[in-house]
Amino acid sequence: MSDGLRGAFIHGRPALVAYVMAGYPDRAGSLDALRALVDGGADLIELGVPYADPLADGPVIREAADVARSANPGGFGLAETIDLAAEFLAEMGEGAPPLALMTYLNPLMRMGLPRVAEAIRSAGIGGVIVPDLPPDMAPMWLTVSSGIDTVFLAAPTSTPERLSKVGEMSRGFVYCVSTTGVTGERTELPNELATLVGRVKASTTLPVAVGFGVSTPEQAAIVARSADGVVVGSALVRRQHDAGELRALCRELADAVHGVV
Amino acid sequence: MSKMFPRLDEVYTGPDENGFFGPYGGRFVPETVMPALLELTAAFEDASDDPSFQEDLSDLWVDYVGRPTPLYQARRLAEAVGLGTVFLKREDLCHTGAHKINNTLGQCLLAKRMGKKRVIAETGAGQHGVATATTAALMGLECAVFMGVEDIRRQSLNVYKMKLLGAQVIPVDEGSGTLADAVTAALRHWVERVEDTFYVLGSAVGPHPYPVMVRDFQSVIGLETIDQLQGRGIEKVDAVVACVGGGSNAIGTFYPFVLAADLFGSPELVGAEAAGKGIDTDQTGASMTLGTPGVMHGFYSYLLQDDAGNPLEAYSISAGLDYPGIGPEHAFLKDEGKVSYEPVTDDEALEAFDLLCRTEGIIPAIESSHALALLPRLAKRLGPDATVVVTLSGRGDKDIDIVREAGLGSE
Ligand SMILES: Cc1ncc(COP(=O)(O)O)c(C=O)c1O
């Protein structure tokens, strides 16, 4: 059993939330990637579950998921991802940063919600982020997932009432989606981002991490001025085939977010 | 005047406020589009209660679509399949050649009412794309249609029609390049452009309120059929049949019959789903026969999926039926035992296509041919005096290349 995700946000400075895809480029490669993120200074790891119909993801993450599913004999899905996380967390022991699974809902449903909750708990995984499970639909999961931090997403389109709901129901942190659209690198951050982060912060007592479209250390540093955490996905996944490159970018991002540079 | 579109939910329970029919349905979508779905639900409910909206829609159905569509007694077909009486509900005679326009007119009127100037749609066979492009032209809306590359190949006539009608066709080169990939691409695009764009979904699938909205707009099919049967003094109907892709022409046909279950001696309601190359192969689209409950495209229903919960690629000769899921209300009706669903192979559909051409001089859509293919089976089960109604959801012009490739009409 883990202590959830809160531990990533207690250092008195913004946190780097780093996303990689499980099973990409293969199982061993993704285990190396997880180690590289730890070396690179990530405060929280988001581990993506390869899925065939990733509605909220852009091309980089989609492609990584396709490779993971086809490169590993027998496929790579939720069960394999939980197993990978368990191995990684056991290896790291006390030094492991909190880890959240990023998975679409159907793999959870397919395994059976109570069973998957048990597997997540015993692997020591701190939380889950399920992009196609809005708070309105979540009770069926929340009733069986005690001890697991379920992170809900706040969007630029969320109304004040919905932001309150997200803020109240989230555990660990609130994931603020920077723009409408899917994950992926973008050259510019939206102008109104700080205002959005302010609105989300006002709706919750939890830390607020901003993701979608943050890809460079410069952007990460800007986001870290208003947010408690910065999520970087596609930019890291693009380097995931090479643990050295991945570690280097993660380090730059961590320094930028932590205010070292 | 045709019937106003129905508010029949006093009689029939479901869905609940989150869009669940029993366990099926819901709104499993990213938060970004949740506010839009809630707004759409409210706008749809408001429009449903507004007689002027219903009147506008009714007028378009009558003057623009050509409703009511005929209920045609197909005597030579009945004789050929060994049934007493076969009625065809002629949705193929709708403007644009299929039932899809019943729904696009409703949704685009709603889009205008909500102040949206741009619509998007997904399409498989291209019928929903053409219907949306047509309606957008009629109403002065900007229109983009997502279509899989494989479907662009097999339905080139409809692709060209959409372009003529001023719509942009956006090719989707992911997965198998078919209907399910087009829905995913349209949903992704909607997540990005949700603030100025209305998503016109073409079947009784997707997150709430789409399944209910599409059902209500398509129920004109079943309501007219009931009216027309009564008008002819028909007292007994043994079965009512429709093909099922996502399930819009079928739910529009069945729903009024489910509500009025005591009429016509409670006919059997049967959906024909695509078996593709057969339900014992992996080249199939038979989500009811082979699927298990799961979430895809924002709703929970029967789904073709692997052990890890990945939706599988569906196959059918028909670009309108190769969808790995099925509308949530159908899943509910199946579990309740109110409707049964039977798989029909490509070959059976082609045979039925051929038969309708030769016996009645009607060229059916390959989708609709799946429904026709149930007739010989029903004849065996129900006997030679039975009366069966078939919804002929569309006409077959778009499928000429496919059936030619399959060798029909060669002698
Ligand atoms: C003529 C025709 N019938 C049926 C369908 C299947 O859709 P649904 O099940 O929503 O009626 C299509 C879809 O493209 C179609 O074009």
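Residues numbered from 1 in each chain as written. Chains lettered and ligands numbered in written order. Predicted model: local features only at pLDDT ≥ 70, side-chain atom pairs only at ≥ 80, totals over all residues. Heavy atoms only, no water.

> Quick one: what's the story with the overall build of chain A, residue by residue and with numbers?
Looking only at helices and strands, chain A features 11 helices and 9 strands. Taken over C-alpha atoms, the radius of gyration comes to 17 Å for chain A, in line with the 18 Å a tight globule of 261 residues would show. When the backbone C-alpha atoms are referred to their principal axes, chain A occupies close to 45 × 40 × 35 Å. By the burial criterion, 62% of the 261 residues in chain A qualify as buried. (Helix = DSSP H or I, 4+ residues; strand = E, 2+ residues; numbered from the N terminus. Rg over C-alpha atoms; globule rule 2.2 N^0.38 Å. Buried < 20%, exposed > 50% of the residue type's maximum accessible area, 1.4 Å probe, protein only.)

> Break down the packing of aromatic side chains for me, with residues and values.
By the definition in use, this model includes 14 aromatic pairs over all chains. Grouping aromatic residues by their ring pairs yields a cluster made of Phe-9, Phe-173, Tyr-175 and Phe-212 of chain A. One Lys or Arg, Arg-215 of chain B, reaches over the ring of Tyr-255 of chain B and ends 3.9 Å from the middle of that ring. (Phe/Tyr/Trp six-rings, centres within 6.5 Å; stacked < 30°, edge-to-face > 60°. Lys NZ or Arg CZ within 6 Å of the ring centre and 35° of its normal.)

> How would you sum up the domain arrangement of chain B? Please name residues and give values.
All names here are of chain B. Taken as a whole, chain B is organised into domain 1 (20-63 + 100-214) and domain 2 (66-97 + 218-405). On a C-alpha basis, the centroid separation for the pair domain 1 and domain 2 is 22 Å. If you look at the interface, domain 1 gives 44 residues, while domain 2 gives 45 residues. Each partner contributes to the roughly 3,400 Å² buried at the junction of domain 1 and domain 2, and carbon and sulfur atoms together form 58% of this total. Of all residues in domain 1, the largest losses of buried area upon contact with domain 2 belong to Tyr-24, Asn-102 and Arg-154, amounting jointly to 20% of the total for that side. Linking domain 1 with domain 2 are 1 salt bridge, by the criterion used here. Where Arg-154 meets Asp-322, a salt bridge forms, and the shortest distance between an N and an O atom there is 2.6 Å. (Domains from an automatic or database assignment. Contact = heavy atoms within 4.5 Å. Buried area = accessible area lost by both parts, 1.4 Å probe. Salt bridge = Lys/Arg side-chain N within 4 Å of Asp/Glu carboxyl O.)

> Pulling in residues and values, what's your account of the sheet that holds strand E6 (residues 153-154) of chain A?
All names here are of chain A. With respect to topology, 9 strands assemble into an open sheet ordered E5-E4-E3-E2-E1-E9-E8-E7-E6, the strand pairing being parallel. A strand with exactly one partner marks an edge of an open sheet, and here the two such strands are strand E5 (149-151) and E6. By the bridge criterion, 2 bridges tie strand E8 (residues 208-211) to strand E9 (residues 229-232) in an arrangement that is parallel. Each residue of the ladder has a partner; that of Ala-209, found in E9, is Gly-229. (Pairing = 2+ DSSP bridges.)

> Tell me what's going on with the pattern of salt bridges, and back it up with residues and numbers.
Two side chains that carry opposite charge are able to pair once their charged atoms sit near each other. Residue and element names in this part refer to chain B. According to the stated counting rule, one finds 40 salt bridges over all chains in the structure shown. A salt bridge links Arg-118 to Glu-142; the nearest nitrogen and oxygen atoms lie 3.4 Å apart. Here Arg-118, found in strand E5 (residues 118-123), pairs with Glu-142, found in strand E6 (residues 142-148); they are 24 residues apart in sequence, far enough to count as distant. Note on Arg-118: relative accessible area 7%, which makes it buried. A single salt-bridge network, built from bridges that share partners, covers Glu-150, Asp-151, Arg-153, Arg-154 and Asp-322.

> Summarise the sheet that holds E5 of chain B; cite the residues concerned and give the values.
The pairing of strands in a sheet happens through backbone hydrogen bonds and is either parallel or antiparallel. Residue and element names in this part refer to chain B. Here we have 4 strands laid out as an open sheet, ordered E7-E6-E5-E8, and parallel in their pairing. With one partner strand each, in any of the chains shown, strand E7 (168-172) and strand E8 (197-199) form the two edges of the open sheet. Between one strand axis and the next, the sheet turns through 25° on average, direction left out of account. Pairing of E6 with E7 involves 5 bridges; the strand directions are parallel. Across the sheet, the residue bridging to Phe-146 is Ile-170, located in E7. The sheet contacts of helix H5 (residues 127-139) involve E5 and E6, and relative to E5 the element is tilted by about 165°. (Axes fitted to C-alpha atoms, helices over the stretch in contact; angles between N-to-C directions.)

> Provide a residue-level description of the pairing of strand E10 (residues 268-276) of chain B, including the pertinent values.
All names here are of chain B. Here E10 lies mainly inside the structure; 8 of its 9 residues are buried. Note: strand E9 (residues 239-244) against E10, 6 bridges, orientation parallel. Note on E10: the bridge partner recorded for Val-244 is Glu-273. Since E9 and E10 lie parallel, the crossover through helix H11 (residues 248-259) that links them has a hand, and here it is right-handed. When E10 meets strand E13 (residues 340-345), the two strands line up parallel, connected through 6 bridges. (Right-handed = clockwise from strand over helix to strand, strands pointing away.)

> Please give an account of the interface of chain A and chain B that cites residues and values.
Each partner contributes residues to the interface: chain A has 36 residues there, and chain B has 34 residues. For the pair chain A and chain B, the summed buried surface comes to about 2,700 Å²; carbon and sulfur atoms form 56% of the total. Contact with chain B buries area across many residues of chain A, yet Leu-55, Arg-110 and Met-137 of chain A alone supply 25% of it, more than any other trio. Taken together, the links from chain A to chain B amount to 3 salt bridges. Across the salt bridge formed by Arg-162 of chain A and Glu-31 of chain B, the nearest N and O atoms sit 2.8 Å from each other. Counting across the chain A and chain B interface gives 17 residue pairs in polar contact (both at pLDDT 80 or more). Elements that contribute at least two residues to the side of chain A that touches chain B include exactly helix H2 (59-71), helix H4 (105-111), E6 and helix H7 (160-169) of chain A. (Polar contact = N/O pair within 3.5 Å; in protein donor to acceptor, adjacent residues only side chain to side chain.)

> Explain helix H8 (residues 179-193) of chain B residue by residue, including any values.
Side chains three or four residues apart in an α-helix point the same way, a direct result of the helix having 3.6 residues per turn. Between its first and last C-alpha atoms H8 of chain B spans 21 Å; for 15 residues at 1.5 Å apiece the expected length is 21 Å, and the two agree. Here H8 of chain B lies mainly inside the structure; 13 of its 15 residues are buried. (Expected span 1.5 Å × (residues − 1).)

> Go over H2 of chain A, please, and point to the residues and values.
For H2 of chain A, built from 13 residues, the straight-helix expectation of 18 Å at 1.5 Å per residue is met to within 8% by its first-to-last C-alpha distance of 18 Å. Restricting attention to buried positions, one finds in H2 of chain A the residues Ile-61, Arg-62, Ala-64, Ala-65 and Ala-68 of chain A. Across the axial projection of H2 of chain A, the buried residues extend over an arc of 165°, all falling on one side. More than 90 degrees from the buried face of H2 of chain A, the exposed residues found are Pro-59, Glu-63 and Ser-70 of chain A. For H2 of chain A, the secondary structure elements touched by its buried residues are strand E1 (15-21) and helix H10 (234-237) of chain A together with H8 of chain B. (Arc of directions from axis to C-beta.)

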